[in-house]
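A closer look at the structure
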Amino acid sequence: KKKKKKKKKKKMDVYEHVIKVKGRSEAVTFHSASTHRGPIISRLDGELRRGIEGVGEAGRGYEISFAARHLHADLYKNLTAFLGILRSENCGAARKNFSQLISPSLNICMADASGNIAYQTAGEIPRRTTPPGSETLPLPGWTGEASWRGMVRGDDLPCALNPKEGRVVTANHKIMSSDYPHYLGDLWQDGFRAKTIHRCLDRYTKVTVNDCQDVQGCSESLDAGLEFVSHFKDMKFKDAAVRNAIKLMNRWDGNLSIDSVGASIYKTIYGFSVKLLFEAFLSASSSDRPEDKTFFENTLRGLGFSSMQKAFSECKSIITGNVLRLLRTEDETVPNPVKRKLLEDAAVAAVAYLRKAYGNDMKQWRWGKLHKLKLHHPLAAMLHMGDRLNIEFEHPGDTTTPNQATYDISLNADGEPCFDIVKSSGAVAACRVVFVPSNWDASKSCVTVGQSGKYLSRHYGDQQRLFERNRGKPMAWTRAKVEKTCIFKANLIAKRA
């Protein structure tokens, strides 16, 4: 028998940092550590301290190391790539230079004045040796089994120049085709927004700036929303209020506009459904049966119904697709009759909540009434100036629409949903821009409510109405346009010493 070659242990570097703190007589001493894979980012203080003090292997515990190869010396290549990008005269050259970026990983869309368009995934991606999805959880760094085997870079990354479709659409979805040879991860949105963008663009023969703004503001959910609603087409309910609500939802056109009642009913039923479906699957997966343990492990790793890692990092944008796949797929863990009963229970709970919160008149169940963007100034409560500093308004859309608006999909402590978009658990577009390379002065842009954070400034909320109407203000690019639109000039004069 051949003797196994004993692997040589690699050194962990420990650094001592002495930090002087203003107002304190004694400095603070802080230790950090780094392995050949990258810096130790966990703060398991007890284990790290014992490891540093040499207690031995048993006392070291586990540490989480961040494999940060892209933060090392290769960063100088980014500077070279950016210089090339700035000197590019057309899409082909710009795409090539973007492909040389080391980090960050971004979707880059390009257009030039000659009518060319291009796409490039920028940023190197590790060639992983572990099963797809496993990278979403910490992996053993001491065995070598999870080591990277080089990087996917350059022209091996997804790219396109003047695609036959005549357009490039990216909306955080999987942009690679099924025959793409490299694994780039699995934290993708499900493509609902991208499909809607394509559908909107198909309506136009010649796309204008206003058409692009309409696409950005589109709140249609024909794929995700209407598929979920289709599961209620033939359901029968004893309660008259529930029957009427389901009829309204079944007549819904798929548009999550602020005035839509069908959208409110759909989203409320969906919210209760997510809770009930998750409870059913996770409880069914917690038994001692091997197949259930496998299912639960796959769930955690993102290979089954859902990834818990996804749920924590991308939950609002990915969960809809997972729920729809669950409902359309036969699964022995939670049989279809059980899923149907859960949907019926969710409908009853949703209508009860809507009646309690918004009254019996279903005309009052407008989506905008439930779904508001709440921009609260951090000093508003402290200064008792919420009425002057805070900005709130009704917002269309959801996580599946081009006009994306995420919110906390979980139920609150009272078991009720909250659809408001707040900083801690929601997001909307921070900026909308339409660029026109053939006539830069025709470009339009808009930030969420205003460019200034000072509430006394006239720019604190002067773009709110534009944002609500999905319109932008003109952008001045050429010198002539800048001179024409200028209202104030500041002259900076260097003073000699």
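Located above this text is the structure these notes cover.
In this text the structure is predicted, and so the values were computed from the model without any measurement. (Residues numbered from 1 in each chain as written. Predicted model: local features only at pLDDT ≥ 70, side-chain atom pairs only at ≥ 80, totals over all residues. Heavy atoms only, no water.)

1. Side note on the overall build of the protein chain
In terms of regular secondary structure, the protein chain is built from 18 helices and 15 strands. Of all 497 residues assigned to the protein chain, the portion counted as buried reaches 39%. Within the protein chain, counting contacts between residues at least 6 apart in sequence, those at least 24 apart form 58% of the total. By element, 54% of the accessible surface of the protein chain is carried by carbon and sulfur atoms, the whole surface being about 29700 Å². (Helix = DSSP H or I, 4+ residues; strand = E, 2+ residues; numbered from the N terminus. Buried < 20%, exposed > 50% of the residue type's maximum accessible area, 1.4 Å probe, protein only. Contact = heavy atoms within 4.5 Å. Areas by Shrake-Rupley, 256 points an atom, 1.4 Å probe, with all protein chains shown as cover.)

2. Structural notes on the side chain of Gln464
Mapped onto the secondary structure, Gln464 falls in helix α17 (residues 464-468). In contact with Gln464, not counting residues within four places along its chain, are Ile391, Phe393, Thr448 and Val449.

3. Considering the pattern of salt bridges
Two side chains of opposite charge can pair, provided their charged atoms sit close to one another. Per the stated rule, a full pass over the model turns up 22 salt bridges. We note a salt bridge from Asp155 to Lys96, for which the minimum N-O separation is 2.7 Å. With Asp155 in the loop between β7 (151-152) and β8 (159-161) and Lys96 in helix α4 (residues 91-98), this residue pair connects regions lying 59 residues apart in the sequence. Judged by its relative accessible area of 43%, Asp155 falls in the partly exposed class. With a relative accessible area of 40%, Lys96 lands in the partly exposed category. Salt bridges sharing common partners tie together Arg95, Lys96 and Asp155. (Salt bridge = Lys/Arg side-chain N within 4 Å of Asp/Glu carboxyl O.)

4. Overview of the sheet that holds β8
Across the sheet, three strands lie side by side as β4-β5-β8; this open sheet has antiparallel pairing. Looking along the sheet, the strands with just one partner apiece sit at the ends: β4 (106-111) and β8. Neighbour to neighbour, the strand axes of the sheet diverge by 15 degrees on average, direction disregarded. Pairing geometry for strand β5 (residues 117-122) and β8, over three bridges, is antiparallel. Its bridge partner being in β8, Ala118 is matched across the sheet by Leu161. (Pairing = 2+ DSSP bridges. Axes fitted to C-alpha atoms, helices over the stretch in contact; angles between N-to-C directions.)

5. What to know about the nonpolar core
Membership of the largest hydrophobic core comes to 48 residues, with the highest contact counts inside it found for Phe228, Phe232 and Ile269. Looking at this core, the elements that each hand over two or more residues are α7 (224-230), α8 (240-250), α9 (261-284), α12 (315-328), α13 (336-358) and α14 (367-370). For this core, the element with the most residues is α9, which contributes twelve residues. The residues contacting Phe232, other than those within four sequence positions of it, are Ile246, Met249, Asn250, Ile269, Leu343 and Ala347. Within the second largest apolar cluster, 13 residues are counted, among which are Met385, Leu389, Val449 and Phe467. (Core = buried A, V, L, I, M, F, W, Y, C linked by side-chain atoms within 4.5 Å.)

6. A look at α8
Taken as a whole, α8 has its buried residues at Ala241, Val242, Ala245, Ile246 and Met249. Buried residues along α8 cover an arc of 130 degrees about the axis, so they all sit on one side. Between a side-chain oxygen at the N-terminus of α8 and the backbone nitrogen of Ala241 the separation is 3.0 Å; the capping residue is Asp239. (Arc of directions from axis to C-beta. Polar contact = N/O pair within 3.5 Å; in protein donor to acceptor, adjacent residues only side chain to side chain.)

7. A short note on the packing of aromatic side chains
Going through the model one piece at a time under the given rule, you end up with twelve aromatic pairs. Ring geometry for Tyr266 and Tyr270: centres 6.3 Å apart, planes at 50 degrees, overall tilted. Placement of both Tyr266 and Tyr270 in helix α9 is noted, with a separation of four residues, approximately one turn of the helix. Pair check on accessibility: Tyr266 and Tyr270 agree, each one buried. With 6.4 Å between their ring centres and 85 degrees between their planes, Tyr353 and Tyr358 make a pair best called edge-to-face. Members of the aromatic cluster, each reached through a chain of ring pairs, are Phe228, Phe232, Trp252, Tyr266 and Tyr270. Here Arg432 stacks its cationic end above the ring of Phe467, 4.0 Å away from the centre of that ring. (Phe/Tyr/Trp six-rings, centres within 6.5 Å; stacked < 30°, edge-to-face > 60°. Lys NZ or Arg CZ within 6 Å of the ring centre and 35° of its normal.)

8. Observations regarding α4
Burial in α4 covers these residues: Cys91, Ala94, Arg95 and Phe98. Mapping the buried residues of α4 onto a view down its axis gives an arc of 100 degrees, with all of them on the same face. Among the structural elements, α3 (75-86), β4, β5 and β8 are those in contact with the buried residues of α4.

9. Things to note about the sheet that holds strand β2 (residues 28-35)
Within a sheet, each strand pairs with its neighbour through backbone hydrogen bonds, oriented either parallel or antiparallel. Strand order in the open sheet formed by three strands is β1-β2-β3, and the pairing between neighbours is antiparallel. Each end of this open sheet is capped by a strand with a single partner; those strands are β1 (13-19) and β3 (38-39). As defined by bridge partners, β2 adjoins β3 across two bridges and the pair is classed as antiparallel. Among the inter-strand pairings, Ser34 is bridged to a residue of β3, identified as Pro39.

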